Amino acid sequence: MLEFIQLLKQRYQAVLAQQGNEAVKASYQQRIDQLILAEAFIRKGQLIDASPEPLLHMAVVGPTQAGKSSLANVLLNSHAAGVSPLAGYTIHPQGFCNGVSVADCTGLQHYFGRFQQLQQTQLSKDRHDCYSLTQNTTDSTLLPHGVLWDTPDFDSIDSATYREGVIRAIALADMVILVISKEKYADQSVWDIMAAVEALHQPTVICLNKLVEGSESIIIQSLKEKWQRARADEFPEVVSLYYQKPGGLPVWPESRQQLLNQLANKVSLTKHARFEQELLKRHWQSWLEPIFAEHQALTDWAELVDLMIKQAMESYQRDYLSHPHHYETFQLAMTELLNLMEIPGLARILAGTRKILTWPVRQIMKLGRKRLHIADSSYEIALLNQIAEHTLIQLADKLLDKVEQGHQGQQSQWWRQLNSVLRNRRQDALQDFAQATKNYHLSFQQDVESAAHQLYGKLQQQPMVLNGLRATRATADAAVIALTLQMGGIGLHDLVIAPAMVTLTSLLAESAVGGYMHKVEAELKQNQFNTVKQTLFIDSLRNKLLQLPEQLSISTHFNISPDQLRAAELQLTEKRHGLRLL
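Counting restarts for each chain, with residues numbered from 1 along the sequence as it is written. The predicted nature of this model means local features are confined to residues of pLDDT at least 70 and side-chain atom pairs, given and counted, to a pLDDT of 80 or more, with totals for whole chains, interfaces and linings taken over all residues. The basis for every side-chain value is the complete set of heavy atoms in the structure, and neither hydrogens nor water enter the calculation.

Draft legend 1. Summary view of the pattern of salt bridges. One speaks of a salt bridge when a side-chain nitrogen belonging to Lys or Arg is within 4 Å of a carboxyl oxygen belonging to Asp or Glu. The full count for this structure, using the stated rule, is 21 salt bridges. For aspartate 129, the salt bridge identified is with arginine 114, shortest N-O distance 3.9 Å. In this pair, aspartate 129 sits in the loop between β3 (116-118) and β4 (130-135) while arginine 114 sits in the loop between α4 (108-112) and β3, placing the two residues 15 residues apart along the sequence. Burial status follows relative accessibility: with a 1.4 Å probe on protein chains alone, a residue under 20% of its type maximum counts as buried, one over 50% as exposed, and anything between as partly exposed. In this structure aspartate 129 comes out as partly exposed when scored by relative accessible area, which is 22%. Secondary structure elements are defined from DSSP: runs of H or I of at least 4 residues count as helices, runs of E of at least 2 residues count as strands, and each element is numbered from the N terminus.

Right, here's the structure in full:
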């Protein structure tokens, strides 16, 4: 699941960089933040699983100028966290080990991924993909043992550049200390972030900072209302903080000295797997919305291709297999049958004459030998190539219709770019189809020969019919030879009306094997239809067309396949080790 979430995040980031619609950009950025949170929370689960005794992580979060770093120093009883009157001073997650050592924090580098751990003094405002981990050398009575994280703000103009670090620090936290001031508590950014992390089920305390005497009751009531609008869980404890004028630091109430230790007791790491699943399911449909749209487009594209293939096969059936003047394949079988019915005595004379005249039928077909010029002179091949070209032209027109039918946003762009890919790949597809057609035509001559042998075998069971046809064959051959002398040779397409073919076909149809001949012809046509459909229009054309969406740029499209999505959704509901549900 982690790999899929990372893939999804990367695709969102790539598409966002090319997106021009501001509303879509805002929506995609929100989903990227959610995916970063989900990725970090899954990594947190891995950190828990890998640690025999996981450390407690606490995060101080809040908007800019709320006093987060100052409160971190109060809680640590030190000045470890840097403070400044300038907004956005803290721009990196900074961890402080309280009661534990830095050496105990194994696995954090894996958790933070591409972020690099640096010394606090090495953190630079010019680099945001890093964090620090520092040993707190003083004793703190307010904090339980663990790591306290001072986090950057999430609401300033510049926060977009270091927002990922904030999200990763929050996802790592087992408990959250939300710091807000009387000036910032109503900001929508505060409640957006708190709503976003609700599925993490982190025990939380709200620190209401920079208060003046007598104002907290009204603010706390407003806080409660905003919390209840943003989240469904119980309103947390609120700690009112007043500034100590000499030091400029907030004062932690004496009555709340044990609050954070008590809050730590509510942490339940054994439920982390369930919380992971809850977080993923909460956003799953939203995250996958553009992927579902692309998959629907893929389905529509497959249906469109299948419709075009169906129409292509109907054209092939109508203009070739069922056409009385264009169907030449069975006449090739009749030609082979002529070769099988050589008449003793006349055979040598006729064969010699054919050799001298380069008789086309003999040159076209000999038993067990295939000639390339069979394909060169075939009406079927010319027709198939025409049908393929017409199919691609129709597909291009249909794609333009899809773009113009009012499809909006990502899906419209999908169809437009697919049309561009089809246009660029059209000539290659036609060349591949032409070669496949030629190969099919040559290999199918085996089926033609088989049909001729079937007919000849049936004739051998009818000696009188066979002898009669042999006698007629000599006359028919003579007619063909005469025609050849006058015309200088005949083409393959002329076999359909050649006298030898017409005579032989007519006599066979009227003979005792006429019914069998029609059966052989029908089987040959059906076999030819099935072969052309599978070999040419499915294997050579349809499958290549269905692969075209894979060539769409991943910078503008998600290109996550249905198989990848199914595998991820299977993990979403699969039980692992009896506990983790991913």
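Draft legend 2. Focus on the nonpolar core. Definition used in this section: a nonpolar core is a set of buried Ala, Val, Leu, Ile, Met, Phe, Trp, Tyr and Cys residues joined via side-chain atoms within 4.5 Å. Within the largest apolar cluster, 72 residues are counted, with the highest numbers of intra-cluster contacts made by Phe4, Ile5, Leu8, Leu108, Trp149, Leu223 and Trp284. Sorting elements by how many residues they give to this core places helix α2 (residues 22-50) first, with 10 residues. One finds Tyr320, Leu384, Ala388 and Val532 within the second-largest nonpolar core, a separate group that totals 55 residues.

Draft legend 3. Representation of unusual backbone geometry in the model. Even without being glycine, asparagine 77 reaches a positive phi, approximately 60°. Take asparagine 77: it is sitting in the loop between α3 (68-76) and β2 (94-98).

Draft legend 4. Structural detail: the packing of α2 against helix α5 (residues 159-172). In the contact formed by α2 and α5, the axes pass within 8 Å of each other and the chain directions differ by 40°. By the criterion of interaxial angle, the relationship of α2 to α5 is oblique. Read as a crossing pair, α2 and α5 show a hand that is right-handed. Touching Asp33, Ile36, Leu37, Glu39, Ala40, Phe41, Arg43, Lys44 and Leu47 of α2 are Arg163, Glu164, Ile167, Arg168, Ala171 and Leu172, all from α5. Residues are grouped as follows: nonpolar covers Ala, Val, Leu, Ile, Met, Phe, Trp, Tyr, Cys and Pro; charged covers Asp, Glu, Lys and Arg; every other residue, Gly included, is treated as polar. Of the residues belonging to the contact of α2 with α5, the class tally is 8 nonpolar, no polar and 7 charged. For helices, the fitted line uses only the C-alpha atoms of the stretch in contact; every axis is such a line through C-alpha atoms, and the angle between N-to-C directions lies from 0 to 180 degrees. Each angle receives one of four descriptions, namely roughly parallel if under 35 degrees, roughly antiparallel if over 145, roughly perpendicular if within 65 to 115, and oblique otherwise. With the far helix as reference, a near helix turned anticlockwise by less than a right angle produces a left-handed crossing, and one turned clockwise produces a right-handed crossing. The contact rule is simple, with two residues in contact once any of their heavy atoms fall within 4.5 Å.

Draft legend 5. Main features of the pairing of strand β7 (residues 204-211). Among the 8 residues that make up β7, 7 are buried, leaving the element largely enclosed by the rest of the structure. At least two DSSP bridges between two strands are required for those strands to pair. The sheet contact formed by strand β6 (residues 175-181) and β7 spans 6 bridges and is parallel. Directly across from valine 179, in β7, lies its bridge partner cysteine 207. With strands facing away from the observer, any crossover in which the path from the first strand over the helix to the second runs clockwise is taken as right-handed. Handedness of the β6-helix α6 (residues 188-196)-β7 crossover: right-handed.

Draft legend 6. Structural view of the packing of α6 against helix α7 (residues 216-230). Where α6 contacts α7, the axes come no closer than 9 Å and their chain directions differ by 45°. Accordingly, the angle class assigned to the pair α6 and α7 is oblique. The crossing of α6 and α7 is right-handed. Residues Trp191, Met194 and Ala195 of α6 pack against Leu223, Lys226, Trp227 and Ala230 of α7. Residues of the contact of α6 with α7, tallied by class, amount to 6 nonpolar, no polar and 1 charged.

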